[in-house]
Amino acid sequence: MTLLETVAFPVLFIWFVGLLLTLFRRDLEPHWKFFFFLVFCFYLVQFFPEFWEGVARWKENPKAEALLWISAMGNSIYVFLFFLWPLVLIRIYYSASNNLSKTLIPALAYGTVLYWALFFLWTMYSKEFNGWLHQIFTNK
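Calculation notes
Residues numbered from 1 in each chain as written. Predicted model: local features only at pLDDT ≥ 70, side-chain atom pairs only at ≥ 80, totals over all residues. Heavy atoms only, no water. Helix = DSSP H or I, 4+ residues; strand = E, 2+ residues; numbered from the N terminus. Rg over C-alpha atoms; globule rule 2.2 N^0.38 Å. Buried < 20%, exposed > 50% of the residue type's maximum accessible area, 1.4 Å probe, protein only. Contact = heavy atoms within 4.5 Å. Areas by Shrake-Rupley, 256 points an atom, 1.4 Å probe, with all protein chains shown as cover. Lys, Arg positive; Asp, Glu negative; His and termini not counted. Charge placed at Lys NZ, Arg CZ, Asp CG, Glu CD. Phe/Tyr/Trp six-rings, centres within 6.5 Å; stacked < 30°, edge-to-face > 60°. Polar contact = N/O pair within 3.5 Å; in protein donor to acceptor, adjacent residues only side chain to side chain.

Novice: Looking at this structure, I do not really get the overall build of the protein. What am I missing?
Specialist: What the protein contains, in helices and strands, is 6 helices and 0 strands. For the protein, the α and β elements follow one another from N to C terminus as α-α-α-α-α-α. Since a compact globule built from 140 residues should have a radius of gyration of about 14 Å, the 19 Å found for the protein marks it as more spread out than a globular shape. Seen along its three principal axes, the alpha-carbon backbone of the protein occupies a region of about 50 × 40 × 25 Å. Residues classed as buried in the protein amount to 20% of the 140 residues present. Pairs at least 24 apart in sequence give 69% of the contacts found in the protein among residues at least 6 apart. For the protein, the exposed area adds up to about 10700 Å²; of that, 73% sits on carbon and sulfur atoms. Between the centroid of the 10 positive side chains of the protein and the centroid of its 8 negative side chains there is a distance of 11 Å.

Novice: How should the packing of aromatic side chains be read in this particular structure?
Specialist: Any two aromatic rings considered together are summarised by their centre-to-centre distance and by the angle between their planes. Scanning the model with the defined rule gives 16 aromatic pairs in all. An angle of 35 degrees between the planes, with centres 6.3 Å apart, marks the rings of phenylalanine 9 and phenylalanine 13 as tilted. Taken together, the residues span about one helical turn, with phenylalanine 9 and phenylalanine 13 both in helix α1 (residues 3-23) at a distance of 4 residues. Taking the centre distance of 4.9 Å and the plane angle of 85 degrees together, the rings of tyrosine 93 and tyrosine 94 count as edge-to-face. The two residues tyrosine 93 and tyrosine 94 agree in class, both being exposed. Ring pairing ties together the aromatic residues Phe9, Phe13, Phe48, Phe51, Trp52, Trp58 and Trp69, which thus form one cluster.

Novice: How should the environment of glutamine 135 be read in this particular structure?
Specialist: Considering the arrangement of structural elements, one finds glutamine 135 in helix α6 (residues 126-139). The spacing of glutamine 135 and phenylalanine 120 is 15 residues in sequence and 22 Å in space, taken between C-alpha atoms.

Novice: Explain the side chain of glutamate 65 to me, please; I cannot follow it from the model alone.
Specialist: Along the polypeptide, glutamate 65 turns up in helix α4 (residues 62-94). Within polar-contact distance, the side chain of glutamate 65 engages the side chain of arginine 57 at 3.0 Å. Ignoring sequence-local partners within four residues, the contact set of glutamate 65 consists of Thr6, Gly54, Arg57 and Trp58.

And the structure:
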């Protein structure tokens, strides 16, 4: 199973919740709300087979699916940082405001180092951590 197949259901579900919250905001103009809805619908149609497979897996075994999501979200962050770093560096270079650079640079740098530390610990102790997660999810 690919990373996309694994995370399609939780990402689209979180996106749907965010969309609902955004639709109830009073300060956003209706054309933006409509645009957000169209973008969500586009991706839902685009990834509907993967989404529906995720729903079926969730119905079959929700505990195992939740464990799979935790691992897949960690891998997704890894891929996301790979794409984010070059874009942020270009954005920092072309930024007219020093405030953006002063807040963005530490946040991204510390966030990346924290992610790498957690990723390293996950890699080194994945067997123990997976056992611990399995125990938490199966005992409750």
